[in-house]
Amino acid sequence: MSDSSVSATELTSQYLAQVTSDLEHNTKERERISAEIAALQEQFAALQHDFAVLQNMYQALQGASAVEEARAAAESVTSESPAEAVVVPAPRKAAGRKPAAGKRTRATTTKSAKAANTAKTAKATGTAKAPAASRGTAKKQPAKKSAARTPAAAAGAPKLVELVRQHLTEQKEPRSAAEIADALGNAHPERSIKPTVVRTTLESLVARNHAQRSKQGTSVFYTASEAAPETTGADAKAAEQEAQPES
């Protein structure tokens, strides 16, 4: 009996020591894992904060790119607006001439009635046709004179390529084709200067090393060359060809 009780006591004490060791180990593991969880939570919170900051920066950059695209589109529309401004007044003049056309129709009807009465009274002599022929001749002669004067006036005016080159030489900063067209249009209101023709003239000057081209974003600017060569016979002929679309 005494031997069995001693063995049972020893077995219990062994189990107690093992369970105590396991409890201590379990407690240490729980403390270690809880510390790791706290560190991971801090890292996760930092990552969330960085994500929010990066997302805001991304949206801001997207908005800035959209604003730049809208600004570039507005500049392209503004550069072509002078050409549209030249085209718009044409219908207004045509509309303003309608009453004059009606007056001319009435005057023509009155004249035709008078001519018919005159023709009835002078059928034998044919005197009604002679005044009409003389009037037609008198109307055609001033038209020929004005047509003959127009080329002479145009021949005395400077070519568009000369105006563009002179304007570039006077400028200290690069200028776009639209800006040059506006400046020349204000300086020479009697001429119809279109931005498309000015752009073609500028590209021709760049091809002949008379001007330099630079690009800033979506806009193209031009400056005069530091040592522009003198105009040759071929350049003058090319300038005349470029100036033809202007009229």
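As the structure is a prediction and not an experimental result, all values here were calculated from the model.

**Some words on the overall build of the protein chain**
Link 1 in the chain: Helix and strand content of the protein chain: eight helices and two strands.
Link 2 in the chain: Element order for the protein chain, N to C, with α for helix and β for strand: α-α-α-α-α-α-α-β-β-α.
Link 3 in the chain: Long-range pairs, those at least 24 residues apart, make up 57% of the contacts in the protein chain between residues at least 6 apart in sequence.
Link 4 in the chain: By element, 58% of the accessible surface of the protein chain is carried by carbon and sulfur atoms, the whole surface being about 18900 Å².

**Digging into the packing of helix H5 (residues 160-170) against helix H6 (residues 177-187)**
Link 1 in the chain: Contact geometry of H5 with H6 gives a least axis separation of 11 Å together with a crossing angle of 110°. On the basis of the axis angle, H5 is roughly perpendicular to H6. Of the residues in H6, those touching H5 at Leu160, Leu163, Val164, His167 and Leu168 are Ile180, Ala183 and Leu184.
Link 2 in the chain: Split by residue class, the contact of H5 with H6 holds seven nonpolar, one polar and no charged.

**Considering unusual backbone geometry**
Link 1 in the chain: The backbone phi angle of asparagine 209 is positive, close to 65°, even though this residue is not glycine.
Link 2 in the chain: Summarising the element assignment, asparagine 209 is placed in the loop between helix H7 (195-207) and strand E1 (211-216).
Link 3 in the chain: Overall, asparagine 209 belongs to the exposed group, its relative accessible area being 55%.

**Considerations on the nonpolar core**
Link 1 in the chain: Core analysis: the largest hydrophobic core is formed by 17 residues, its most contacted members being Leu160, Val164, Leu168, Ile180, Leu184, Val198 and Leu202.
Link 2 in the chain: Those elements giving two or more residues to this core turn out to be H5, H6 and H7.
Link 3 in the chain: Isoleucine 180 has contacts with His167, Leu168, Arg175, Val198 and Leu202, leaving out every residue within four places of it along the chain.

**Some details on a nonpolar patch on the surface**
Link 1 in the chain: On the surface, a nonpolar cluster with roughly 280 Å² of combined accessible area is contributed by Val53, Leu54 and Met57.
Link 2 in the chain: Within the secondary structure, methionine 57 sits in helix H1 (residues 2-87).

**Things to note about the pairing of E1**
Link 1 in the chain: Inspection of the sheet shows E1 paired to strand E2 (residues 219-224) by six bridges, in the antiparallel sense. Residue pairing across strands places lysine 215 opposite valine 220, the latter belonging to E2.
Link 2 in the chain: Counting the residues between successive antiparallel strands, the hairpin from E1 to E2 contains two residues, one of them, glycine 217, with a positive phi of roughly 70°.

**As for the packing of H6 against H7**
Link 1 in the chain: Their axes nearest at 9 Å, the elements H6 and H7 cross at an angle of 115°. Regarding the angle of H6 to H7, the classification is roughly perpendicular. For the pair H6 and H7, the sense of crossing is right-handed. Listed contacts from H7 to Ala177, Ile180 and Ala181 of H6 are Pro195, Val198, Arg199 and Leu202.
Link 2 in the chain: Of the residues assigned to the contact of H6 with H7, the class counts are six nonpolar, no polar and one charged.

**Some points on the environment of glutamine 166**
Link 1 in the chain: Relative to the helices and strands, glutamine 166 resides in helix H5.
Link 2 in the chain: Residue classification places glutamine 166 among the partly exposed residues on the basis of a relative accessible area of 46%.
Link 3 in the chain: Remark: the alpha-carbon pair of glutamine 166 and alanine 224, spanning 58 residues in sequence, is separated by 8.7 Å.

**Concerning the pattern of salt bridges**
Side-chain pairing between opposite charges can occur once the charged atoms of the two side chains come close.
Link 1 in the chain: Counted by the stated rule, this structure contains five salt bridges.
Link 2 in the chain: The shortest N-O distance in the salt bridge between arginine 32 and glutamate 29 comes to 2.6 Å. Separated by three residues within a single helix, arginine 32 and glutamate 29 lie in helix H1, roughly one turn from each other.
Link 3 in the chain: Where salt bridges share partners, they join Glu29, Arg32 and Glu36 into one cluster.

**Let's talk about H6**
Link 1 in the chain: If you check which residues of H6 are buried, you get Ala177, Ala178, Ile180, Ala181 and Leu184. The arc that holds every buried residue of H6, seen down its axis, measures 160°, which confines them to one face. Seen from the buried face of H6, the exposed residues on the opposite side, beyond 90 degrees, are Asn186 and Ala187.

**What to know about the confidence of the model for the protein chain**
One rule of thumb: low pLDDT means the predicted coordinates there are not for detailed reading.
Link 1 in the chain: Chain-level statistics for the protein chain give a pLDDT mean of 73 and a share of 58% at 70 or above.
Link 2 in the chain: Across the protein chain, H7 holds the top mean pLDDT of 92, while helix H4 (residues 129-156) sits lowest at 45.
Link 3 in the chain: Contacts from residues 136-153, a stretch scored under 50 in pLDDT, to residues over four places away or in other chains number zero contacts.
Link 4 in the chain: Across residues 228-234 the pLDDT falls below 50, and counting only partners more than four positions away or on other chains, this stretch makes eight contacts in the model.

Conventions and cut-offs
- Residues numbered from 1 in each chain as written.
- Predicted model: local features only at pLDDT ≥ 70, side-chain atom pairs only at ≥ 80, totals over all residues.
- Heavy atoms only, no water.
- Helix = DSSP H or I, 4+ residues; strand = E, 2+ residues; numbered from the N terminus.
- Contact = heavy atoms within 4.5 Å.
- Areas by Shrake-Rupley, 256 points an atom, 1.4 Å probe, with all protein chains shown as cover.
- Axes fitted to C-alpha atoms, helices over the stretch in contact; angles between N-to-C directions.
- Parallel < 35°, antiparallel > 145°, perpendicular 65-115°, else oblique.
- Nonpolar A, V, L, I, M, F, W, Y, C, P; charged D, E, K, R; others polar.
- Buried < 20%, exposed > 50% of the residue type's maximum accessible area, 1.4 Å probe, protein only.
- Core = buried A, V, L, I, M, F, W, Y, C linked by side-chain atoms within 4.5 Å.
- Patch = residues over 30% accessible without salt bridge, like charges linked within 9 Å, V, L, I, M, F, W, Y side chains within 5 Å.
- Salt bridge = Lys/Arg side-chain N within 4 Å of Asp/Glu carboxyl O.
- Pairing = 2+ DSSP bridges.
- Left-handed = near helix turned anticlockwise from the far one by under 90°.
- Arc of directions from axis to C-beta.
- pLDDT = per-residue confidence, 0-100.

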